[in-house]
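Geometric and topological summary
Given next are the chains, with one letter for each unit.
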Amino acid sequence: MHQVFSAQAQLGEGALWDADHQRLLWVDIVGHRVHRYDPVSGIDQSIDVGNYVGSMVPARGGGLILTLLRSFYHLDWETQELRLLASVESDRPTNRFNDGKCDPRGRFWAGTLELAESKPAGALYCLEPDLTVRKVLSGITVSNGLDWSPDGSTMYYIDSATRAVTAFDYDLDHGTLSHRRQIIHLTDGVPDGMTVDSEGMIWIAHWDGYRISRWNPAQGARLQTFELPVARITSIAIGGSDLRQLFVTSARHGLSAADLRAQPLAGDLFSARTEIQGLPARLFG
Ligand code: CA
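The model shown is predicted, which means the values in this text are computed figures rather than measured ones.

Before going further, it helps to examine the overall build of the protein chain. For the protein chain, the helix and strand inventory stands at 1 helix and 24 strands. Nonlocal contacts in the protein chain, meaning residues at least 24 apart in sequence, comprise 46% of its contacts between residues at least 6 apart. Approximately 11100 Å² of the protein chain is accessible, and the part contributed by carbon and sulfur atoms is 47%. Distance between charge centroids for the protein chain: 3 Å, based on 26 positive and 34 negative side chains.

The next subject is the coordination of the calcium ion. Those protein atoms acting as donors to the calcium ion are Glu13 (OE), Glu13 (OE), Asn144 (OD1) and Asp192 (OD), and they sit at 2.2 to 2.6 Å. Written as a sequence motif, the donor arrangement for the calcium ion is E-x130-N-x47-D. Of this pair, Asn144 sits in strand β14 (residues 143–148) while Asp192 sits in strand β18 (residues 190–196), and the two are 48 residues apart along the sequence. The pair formed by Asn144 and Asp192 is uniform in burial state, with each residue classed as buried.

Summarising the element assignment, Ser6 is placed in the loop between β1 (2–5) and β2 (12–18). Among the residues examined, Ser6 registers a relative accessible area of 46% and is labelled partly exposed. Separated by 69 residues in the primary sequence, Ser6 and Leu75 place their C-alpha atoms 25 Å from one another.

In total, this model carries 10 aromatic pairs according to the counting rule given. For the ring pair Phe97 and Tyr125, a centre distance of 6.0 Å and an interplane angle of 75° mean the geometry is edge-to-face. Highlighted residues: Phe97 in strand β10 (residues 95–102) and Tyr125 in strand β12 (residues 122–127), separated in sequence by 28 residues. No difference in accessibility class separates Phe97 from Tyr125, as the two residues are buried. Within the aromatic cluster, the residues linked to one another by ring pairs are Phe5, Trp17, Tyr37 and Phe247.

Let's shift gears to the pairing of strand β20 (residues 211–216). In terms of burial, β20 is largely enclosed, as 5 of its 6 residues are buried. By the bridge criterion, 5 bridges tie strand β19 (residues 202–207) to β20 in an arrangement that is antiparallel. Bridge assignment links Ile204 to a residue of β20, and that residue is Ser213. The antiparallel pairing of β19 with β20 creates a hairpin that spans 3 residues between the two strands, and Asp208 there sits at a positive phi of about 60°. Note: β20 against strand β21 (residues 221–227), 6 bridges, orientation antiparallel. The partner of Arg214 across the bridge, within β21, is Gln224. Hairpin remark: β20 followed by β21, antiparallel, with 4 residues in the connecting loop; positive phi at Gly220, about 60°.

Basis of the calculations
Residues numbered from 1 in each chain as written. Predicted model: local features only at pLDDT ≥ 70, side-chain atom pairs only at ≥ 80, totals over all residues. Heavy atoms only, no water. Helix = DSSP H or I, 4+ residues; strand = E, 2+ residues; numbered from the N terminus. Contact = heavy atoms within 4.5 Å. Areas by Shrake-Rupley, 256 points an atom, 1.4 Å probe, with all protein chains shown as cover. Lys, Arg positive; Asp, Glu negative; His and termini not counted. Charge placed at Lys NZ, Arg CZ, Asp CG, Glu CD. Donors = N, O, S within 2.8 Å, 3.2 Å for Na, K, Ca; no water. Buried < 20%, exposed > 50% of the residue type's maximum accessible area, 1.4 Å probe, protein only. Phe/Tyr/Trp six-rings, centres within 6.5 Å; stacked < 30°, edge-to-face > 60°. Pairing = 2+ DSSP bridges.

This is the structure in structure tokens:
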């Protein structure tokens, strides 16, 4: 796993492979920027969106959907115009959106956290293609990585405060969850972002763990671990022209001056080839 872009992000997050544009989408939540990285040229473009940006997904009708503080917005990358779609938690001024992703039917799921990340004041929401918002789970402390099995019948979800990955049976027609169960508990770092590959295995980013890992969710068994030179590993996507390139984001946020001296690449973008094929980002709408 080697550094491919010196992003020096405060809180790099939300890696997704945009297959239509052959770009890695990612965000710097605390740095208030959305990014598009081209692995062929090595060029990264970014836009200052002016507030905490939790995650960003491509939209079927063009442009991108992102979560900004406690609202969903549409972004036109070319004009940089932001258009408000929906808001949540107007009664919770110290909450913000965190990680989010689309299900196989184009619903955008995204969760919130309280900025101090110490109490279960967050929730998980679903933005429907008709722009209505449903609150699906409450009592969440640090809403984080989520993804679906390749057939869409299972949703995987991380509340980092639990250090666990949970699974739900997923009703694709109605976008509803049932049969919640814990499938993985991490001891080497805190589970953060997550992605599912084409074989249905789960990749987990280990915050404060200097690593990512790949798991068989049916057995709760770890298959592989990949080490990185920085502690705060935040999200993973598998993309590239053949969907066999790993991309990993990281963070500088919260590290001491001594930590940063020991980890000069903290906040950068990392990559490696893999034999395992990933799945491109699902679009909203
Ligand atoms: Ca995260």
